[in-house]
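# Tertiary structure, described
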Amino acid sequence: MGEGDYAHLNMPPTACDVRTNGKHQLHSEAHAARRRAPLVHRGYYVRAQAVDGCARRFLLQSRGCPRRQILSLGAGFDSLYFRLKSAGLLSRTVVYEVDFPSVVSRKAALIRGTKDLSMVVGGTGGQESGAMSFVGEDYKLLGVDLSELSQLEKALEEAGLDSGVPTMFLAEVVLTYMENSRSDALIRWAAQHFCQAQFVLYEQMHPEDPFGHIMQQHFGRLNSALHGLAQYPDCEAQRRRFLQQGWTECFIADMNQFYTLCIPAEERQRVQALEPFDEYEEWHLKCSHYFILVASKGMELTWTSMLSSLAVAASVPGNAPATTGSIRASVCVIDSEAAGLRRFAHRSVLIGPHLVLTTGGFGEQDGRHCRLRELHLLVRHKHSWRAGCVRVEEPSSAWGGWLYHTVTRLSESRALVMGGRMSPTSTALGALWLEFHKSSSALDPDSIVVQFKRLQLAEEPVSQRWRHTTTEVTCQGQKYLFIYGGCSAVWPLLGDWYFLHVEELSCTQVPVLGVVPDGRHSHSACAWAGGALIAGGLGAAEQPLGSVLFLRPTESGFQWQTLETCPPLVPRYSHTAHVHDGKLLLVGGVWLLAPSVPGVAVVDLMTGASVEYQIDVEAVEWPLLLHNHSSVLLPDEKELLLIGGGGNCFSFGTHLNPQPVCLDLCDILTS
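To keep things clear, this report deals only with the structure shown in the data block.

Basis of the calculations
- Residues numbered from 1 in each chain as written.
- Predicted model: local features only at pLDDT ≥ 70, side-chain atom pairs only at ≥ 80, totals over all residues.
- Heavy atoms only, no water.
- Helix = DSSP H or I, 4+ residues; strand = E, 2+ residues; numbered from the N terminus.
- Buried < 20%, exposed > 50% of the residue type's maximum accessible area, 1.4 Å probe, protein only.
- Contact = heavy atoms within 4.5 Å.
- Areas by Shrake-Rupley, 256 points an atom, 1.4 Å probe, with all protein chains shown as cover.
- Pairing = 2+ DSSP bridges.
- Phe/Tyr/Trp six-rings, centres within 6.5 Å; stacked < 30°, edge-to-face > 60°.
- Lys NZ or Arg CZ within 6 Å of the ring centre and 35° of its normal.
- Salt bridge = Lys/Arg side-chain N within 4 Å of Asp/Glu carboxyl O.
- Core = buried A, V, L, I, M, F, W, Y, C linked by side-chain atoms within 4.5 Å.
- Domains from an automatic or database assignment.
- Polar contact = N/O pair within 3.5 Å; in protein donor to acceptor, adjacent residues only side chain to side chain.

### Some words on the overall build of the protein chain
For the protein chain, the helix and strand inventory stands at 15 helices and 41 strands. A buried classification covers 58% of the 671 residues belonging to the protein chain. Partitioning the contacts of the protein chain with sequence separation of at least 6, the portion at a separation of at least 24 is 66%. Just so you have it, the protein chain exposes about 26300 Å², and 51% of that area is on carbon and sulfur atoms.

Here's what the structure looks like:
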């Protein structure tokens, strides 16, 4: 599966179009396209869809005009012209591209040296002269520093740019690298000098939350500071910016809104089926931190359904829910090395008083990132913890460091590991017994020995899944494990369930009444009153869910019912959950309300009243990414232990939370 599957590119057969820094880039046919992660493919796909869509709609709206033009600012090796030209969309249109002289000189040489590209342009572009590196009939390359506005204006005038014809300005992650005074001057100049124009801007936003901080660190390491973020941190600030600089209309949406509202459902389904994908959290976080903006002057923006959708998207409330207070977070004092707890997509389970066992996941080991086979134990001694690896008796190939599995403790010496995956295409992991016992009387990580044993279930589908939940429920005095939802190698979303008899470990048919809920994965599930509480998750069309469902025990089985919360919970997924004294606690996760991040939501299970609390992270190392983490409730201490969390932050690198964090729940559990 190549990147071209995402882009609908109609390039000449030997011209290779790959992406560098997010743009479709021209390279010679000898240059091989480097395979990238599915997350990066998707991120660049939605960017290309937004930019191409705006360009195509501009050309559609101005099709009756005798002349029109596109000016791409900081175009680099972008291939927009070639895509539009190959699609037959550039009649009576001239495309101008501007970048540093060294960049456009190399691009001009590449076009001249590539027969298929020269054929699209219709020649070799003549000789370089002044700022002009390439001059075609409808394509011109100019080497000018965008920050020098007088030089830019002069070069464009000499190249034939006409301020009297419909013009589209395009800036993809360009203006933010300029000093704000210079980029503002460029925006103002475009509004003042062109009577019919649109300005399309694609850039980053929300620098203040954890993901935004990681994003800024990445560009800082590249010596490419994002100057625009401090003064224009969000959509509203960017909207005001353009209106203040002379543009009469401005619509803006983050890329989550654009992907959902502006790309047809059939196309989203096609993209989702292109390759295995399991980076939902990072996908939504990345899209929350980029926006597409279209400003206009002398041209209405209501002429397209796409921009009408952007207007709707822009009107969707983007503010975080009201919070009642905050929960103090503190770093867990650990007397030994805790590096093995820097991981995500793992599971942690309380196997005894103050004994927390952590299994699987992806994290750090010996200075590299990999799936983790080692098990780690946290042991509490008064006010501190000890961490260490657990010795596995007779190491077995049955355990390979699974991701997104479940671990359910069934007795003092045994837990059941259910499902999980190695990769999105390697999921046939099944079920394992995890047996643990003490090798000595000392309360120490070294004193715990574990052993894995393969468990063969008659019903294979029950364990061939990941991002599911496993919850102990009771029906007519019999205990069952309720396995619900998740993903599989065949289905990206599961809505089925199984009842596994605890003693016999066999699947049993148990009647379930009520409206069957929507399928979901990355939800939470807690045992309560003999049944199971299901909260949140990622549902159809990869949209977060805000429902709380109760699988309520009845005389003959169970019944689905919806627990109404007031106010309604903000949809979220990839969180953890616990029940304590009639209250449901939802911890962390991902929602689509950047720059706010989920803290702890508390739902009174008797009244449905819900309260959101922020997490005070002043005393812990920041940024703290609370998704794909695990949590263990310590009811006697009224504390919540958060272990691991994080993930691959798009192309910005992998972030793993450095140490376990403790949340003090005294105030919210007694209020």
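### Observations concerning the sheet that holds strand β31 (residues 548–553)
The strand order across the open sheet formed by 5 strands is β28-β32-β31-β30-β29, and the pairing between neighbours is mixed. This sheet does not close on itself; its edge strands, each paired only once, are β28 (512–513) and β29 (524–528). Where β29 and strand β30 (residues 531–535) come together, 5 bridges link them in antiparallel fashion. Within β30, the position partnered with A527 by the bridge is A532.

### Regarding the packing of aromatic side chains
Applying the stated rule across the entire model yields 31 aromatic pairs. With a centroid separation of 6.3 Å and 80 degrees between ring planes, the pair formed by F169 and W189 is classed as edge-to-face. Separated by 20 residues along the polypeptide, F169 in strand β7 (residues 167–172) and W189 in helix α7 (residues 180–193) bring together distant segments of the chain. The exposure class assigned to F169 is buried, which follows from its relative accessible area of 1%. Classification of W189 as buried rests on a relative accessible area of 6%. A centroid spacing of 5.6 Å and a plane angle of 10 degrees characterise the contact between F169 and F199, whose relative ring orientation is stacked. One end of the pair, F169, is in strand β7; the other, F199, is in strand β8 (residues 197–204), and 30 residues separate them in sequence. What links up through ring pairs into an aromatic cluster is the set Y480, F482, Y484, W497, F499, F558 and W560. We note R467 situated over the ring of Y404; from NZ or CZ to the ring centre the distance is 4.0 Å.

### So, the pattern of salt bridges
One pass over the full model with this rule turns up 23 salt bridges. Between R83 and D78 there is a salt bridge, with the nearest N and O atoms lying 3.8 Å from each other. Judged on exposure class, the residue R83 and its partner D78 are both buried. Put simply, D278, E281, R421 and R467 are held in one network by salt bridges that share partners.

### Some points on the nonpolar core
Among soluble globular proteins, nonpolar side chains are generally buried collectively. With 65 residues, the main nonpolar core has V46, Y139, M255 and F652 as its most contacted residues. Here this core gathers at least three residues from each of two domains, domain 1 (65–301) and domain 2 (323–670). Those residues in contact with Y139 that lie beyond four places of it in its chain are Y81, F82, V94, V95, E97, K107, I111, V121 and F134. Ranked by size, the runner-up nonpolar core spans 36 residues in total, among them L73, W189, A190 and M205.

### Focus on the sheet that holds strand β26 (residues 494–501)
The antiparallel open sheet is built from 4 strands, whose spatial order is β24-β25-β26-β27. Two strands lie at the open edges of the sheet, namely β24 (469–475) and β27 (507–508), each paired on one side alone. Here β24 runs beside strand β25 (residues 478–486); their pairing, made up of 7 bridges, is antiparallel. Bridge pairing links T470 to I483 in β25.

### A short note on unusual backbone geometry
For the bond running from A594 to P595, omega is 10 degrees, close enough to zero to count as cis. By the element assignment, P595 lies in the loop between β34 (583–587) and β35 (600–604). Of the consecutive residues W622 and P623, the connecting peptide bond is found in the cis state with omega at 10 degrees. Its place among the elements puts P623 in the loop between β36 (610–616) and β37 (630–634). Its identity as a non-glycine residue notwithstanding, V173 has a phi of 50 degrees, on the positive side. Tracing the sequence through the fold places V173 in the loop between β7 and α7. V173 gets classed as buried once you look at its relative accessible area, which sits at 8%.

### Examining the environment of E555
Positionally, E555 belongs in the loop between β31 and β32 (558–562). Assessed through its relative accessible area of 76%, E555 is described here as exposed. Once the C-alpha coordinates of E555 and C475 are considered, the two residues, 80 residues apart in sequence, prove to be 7.9 Å apart.

### Thoughts on the side chain of Q69
Inspection of the secondary structure puts Q69 in strand β3 (residues 68–73). For Q69, a relative accessible area of 2% corresponds to the buried category. At 2.4 Å, the side chain of Q69 forms a polar contact with the backbone oxygen of D162. Ignoring any residue separated from it by four or fewer positions in sequence, one finds Q69 in contact with F58, T93, V94, Y96, L161, D162, S163, V165, P166, T167, M168 and F194.

### A word on the side chain of H655
Assignment of secondary structure puts H655 in strand β40 (residues 654–656). Residue H655 is classed as buried on the basis of its relative accessible area of 14%. Separated by 3.1 Å, the side chain of H655 and the backbone oxygen of P623 make a polar contact. Not counting chain neighbours up to four residues away, the residues in contact with H655 comprise I214, P623, L625, G645, G646, G647 and C649.

### Some thoughts on the pairing of strand β15 (residues 362–365)
Pairing of strand β12 (residues 343–344) with β15 involves 2 bridges; the strand directions are antiparallel. The partner of F344 across the bridge, within β15, is F362. Note that β15 and strand β16 (residues 368–371) share 4 bridges and pair antiparallel. Across the sheet, residue G363 finds its bridge partner in β16, namely C370. Joining the antiparallel neighbours β15 and β16 is a turn of 2 residues, in which D366 adopts a positive phi near 55 degrees.

### A look at the pairing of β34
Two faces belong to every sheet, and in a regular strand the side chains alternate between them. The buried count for β34 comes to 5 of 5 residues, which makes it a mostly enclosed element. Here β34 shows a buried face lined by K583, L585 and V587 and a second buried face lined by L584 and L586. Where strand β33 (residues 576–580) and β34 come together, 5 bridges link them in antiparallel fashion. Looking at the pairing, A577 lines up with L586 of β34. Linking two consecutive strands that pair antiparallel, namely β33 and β34, is a turn of 2 residues; a positive phi of about 50 degrees is found at D581 within it. Here β34 pairs with β35 via 5 bridges, running antiparallel. If you follow K583 over to β35, its bridge partner there is D604.

Take it as geometry only, folks, not as evidence of what the structure does.
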